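Listed here are the chains, written in short residue letters.
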Amino acid sequence: MLTDQDRTDHRFMAAAIRFSRRHLGLTSTNPAVGTLIVRDDGNGPVIVGRGVTAIGGRPHAEAEAIADAGELTRGATAYVTLEPCAHHGRTPPCANALVTAGVARVVGAASDPDPRVSGKGYAILRSAGIEVREQVLAAEAADQLAGYLNRSVNKRPEVILKLALSADGMIGRRGEGQIAITGEIARRQVHVMRTETDAILVGIGTAIADDPELTVRLPGLRGRSPARIVLDRLARLPATSKLARSAKDVPVLVAACPEGDAANRAELERAGVKFLATESFDGRVALPELLEDLANRGMSRVFVEGGADTARAFLDEGLVDRIALFYGPEAIGSDGIAAPIGRDHIPAGFALVREARFGEDSYAEWMKEI
Ligand code: AOF
Ligand code: ZN
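Because the structure is predicted, anything quoted here is derived from the model rather than measured.

Caption draft 1: Summary view of unusual backbone geometry. That bond from Arg58 to Pro59 is cis: its omega, -5 degrees, falls within 30 degrees of zero. Structurally, the position occupied by Pro59 is in the loop between β2 (45-52) and α2 (61-69). Of note, the bond from Gly306 into Gly307 is cis; its omega dihedral lies within 30 degrees of zero at -10 degrees. Summarising the element assignment, Gly307 is placed in the loop between β14 (301-306) and α12 (308-316).

Okay, here's the thing in structure tokens:
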């Protein structure tokens, strides 16, 4: 049985998680945490302050929320989507800031795997006499913090595999380049999803066949394009491609191996393309090493957008953490290119986290436990 307190805690934690989303993709290498300061002066709980980890990662969410609520923090409850930090980093510990500001109660969602923080943040609060409740909507918070949690626990970014499928499970038609499978509303949703990641990744096959731009082209969000990464063992990306031509505006990183085309590489470098030195394995770019390198560069979410071979390579190595499938209403038929995955054959270990409709298209998303 849920108590009134449980219901209140769930409601405000859900709001804190939603609020944290505001800076998703903008706080690297820190997680985008949300904090709400809520007080009840006899007429029911009211939000008196809110904070999200600032762009670039600091100040932390708690400090922002305390500054927002001011004196009203005293005696209030703080809802934090991640255990408050306990370490003296570039900012003083948030656990101490909550003590000093006089909060009476702290409700936390996800635990922080960072060894400087893990368990210590809550311990500081408890030893100051603050009532602490942990793990409220922990799974929902982990969904939002998955990039940070993956990077912290697995030392690689969260890999999100996105595919647009026809009603009969195809991702294209043989011999044709980019074909429209989903509609305009779904396309815009993909652009929103891009803003919440650190990089969009495609294979060289897709880069050549589709000549995609892979930027965010929504009004007001054009500045939110993440880096573009191409898996291109032999450094074949044409210098005339849209990717190369826009490399000075939005970063392009080509993952190539030493055997790649040196002349083309020099030309791409002149266009502003950067290279990631990668190893090859079985005639392909070695993905685990590449991901480790991206994590070391501070990336925590990588959005894999194509094509079928690249998707399959990540799936075969068990390197996909989230699967996002858009389904269009039409079938493609027998000359279609089959998707390596579909809603009826999601690999073991994934759980459905959301379903939606975007215009004529349907959407479903699965996540692997971190
Ligand atoms: C919080 N609130 O909003 C965030 C936290 O480099 P620093 O000093 O900024 O510390 C980074 C660590 O702080 C990061 O690894 C994670 O443990 C925590 N992030 N903590 O209390 C926040 N973003
Ligand atoms: Zn902190």
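From this point, the discussion proceeds with the structure in view.
Caption draft 2: Focus on the packing of aromatic side chains. Overall, the coordinates contain 4 aromatic pairs when judged by the stated rule. Pairing Phe12 with Tyr79 gives two aromatic rings, centres 5.6 Å apart and planes at 35 degrees, and the pair type is tilted. Taken as a pair, Phe12 in helix α1 (residues 4-20) and Tyr79 in strand β3 (residues 77-82) lie far apart in primary sequence, 67 residues in all. The exposure classification of Phe12 matches that of Tyr79, with both residues buried. Ring geometry for Phe326 versus Tyr363: centroids 4.6 Å apart, planes at 50 degrees, classification tilted. Here Phe326 is found in strand β15 (residues 322-327), whereas its partner Tyr363 is found in strand β18 (residues 361-368), with 37 residues between them in sequence. Judged by relative accessible area, Phe326 falls into the buried class, the value being 1%. Residue classification places Tyr363 among the buried residues on the basis of a relative accessible area of 6%.

Caption draft 3: Region of interest: the sheet that holds strand β1 (residues 34-40). Reading across the sheet, the 5 strands line up as β2-β1-β3-β4-β5 and stay open at both edges, with mixed pairing between neighbours. The sheet terminates laterally at β2 and β5 (131-133), the two strands that pair on one side only. Within this sheet the neighbouring strands show an average axis-to-axis angle of 20 degrees, counted without direction. Strand direction decides the pairing type here: β1 and β3, joined by 4 bridges, are antiparallel. Of the residues in β3, the one forming a bridge with Thr35 is Val80. Along the sheet, α2 contacts β1, β2 and β3; its crossing angle with β2, the most-contacted strand, is approximately 130 degrees.

Caption draft 4: Structural detail: the coordination of the zinc ion (ligand 2). Protein coordination at the zinc ion (ligand 2): the donors are His60 (ND1), Cys85 (SG) and Cys94 (SG), at 2.0 to 2.2 Å from the metal. For the zinc ion (ligand 2), the 4 donor atoms are set out with angles of 96 to 119 degrees between them, so the coordination reads as tetrahedral. The sequence motif formed by the donor residues of the zinc ion (ligand 2) is H-x24-C-x8-C. Of this pair, His60 sits in the loop between β2 and α2 while Cys85 is found in the loop between β3 and α3 (94-101), placing the two residues 25 residues apart along the sequence. A relative accessible area of 6% means that Cys85 is categorised as buried.

Caption draft 5: Molecular detail of the environment of Pro347. Relative to the assigned elements, Pro347 resides in the loop between β16 (336-338) and β17 (350-358). For Pro347, a relative accessible area of 32% corresponds to the partly exposed category. As a C-alpha pair, Pro347 and Glu71 span 276 residues in sequence and 50 Å in three-dimensional space. Setting aside residues no more than four positions away along its own chain, Pro347 makes contact with Leu315, Ile323 and Ile341.

Caption draft 6: Fine view of the pattern of salt bridges. Scanning the entire structure with this criterion turns up 26 salt bridges. With a closest N to O distance of 2.8 Å, Glu196 and Arg21 form a salt bridge. Within this pair, whereas Glu196 is found in the loop between α7 (184-195) and β8 (199-203), its partner Arg21 is found in the loop between α1 and β1, the two being separated by 175 residues in sequence. One salt bridge connects Asp143 with Arg322, and the closest N-O pair in it is separated by 2.7 Å. Of the two residues, Asp143 is situated in helix α5 (residues 138-144) and Arg322 in strand β15; the sequence distance between them amounts to 179 residues. Taken together, the shared-partner salt bridges in this structure form one network comprising Asp143, Glu158, Arg301, Arg322, Arg354 and Glu365.

Calculation notes
- Residues numbered from 1 in each chain as written.
- Chains lettered and ligands numbered in written order.
- Predicted model: local features only at pLDDT ≥ 70, side-chain atom pairs only at ≥ 80, totals over all residues.
- Heavy atoms only, no water.
- Helix = DSSP H or I, 4+ residues; strand = E, 2+ residues; numbered from the N terminus.
- Phe/Tyr/Trp six-rings, centres within 6.5 Å; stacked < 30°, edge-to-face > 60°.
- Buried < 20%, exposed > 50% of the residue type's maximum accessible area, 1.4 Å probe, protein only.
- Pairing = 2+ DSSP bridges.
- Axes fitted to C-alpha atoms, helices over the stretch in contact; angles between N-to-C directions.
- Contact = heavy atoms within 4.5 Å.
- Donors = N, O, S within 2.8 Å, 3.2 Å for Na, K, Ca; no water.
- Tetrahedral: all angles 85-135°; square planar, octahedral: opposite > 155°, others 65-115°.
- Salt bridge = Lys/Arg side-chain N within 4 Å of Asp/Glu carboxyl O.

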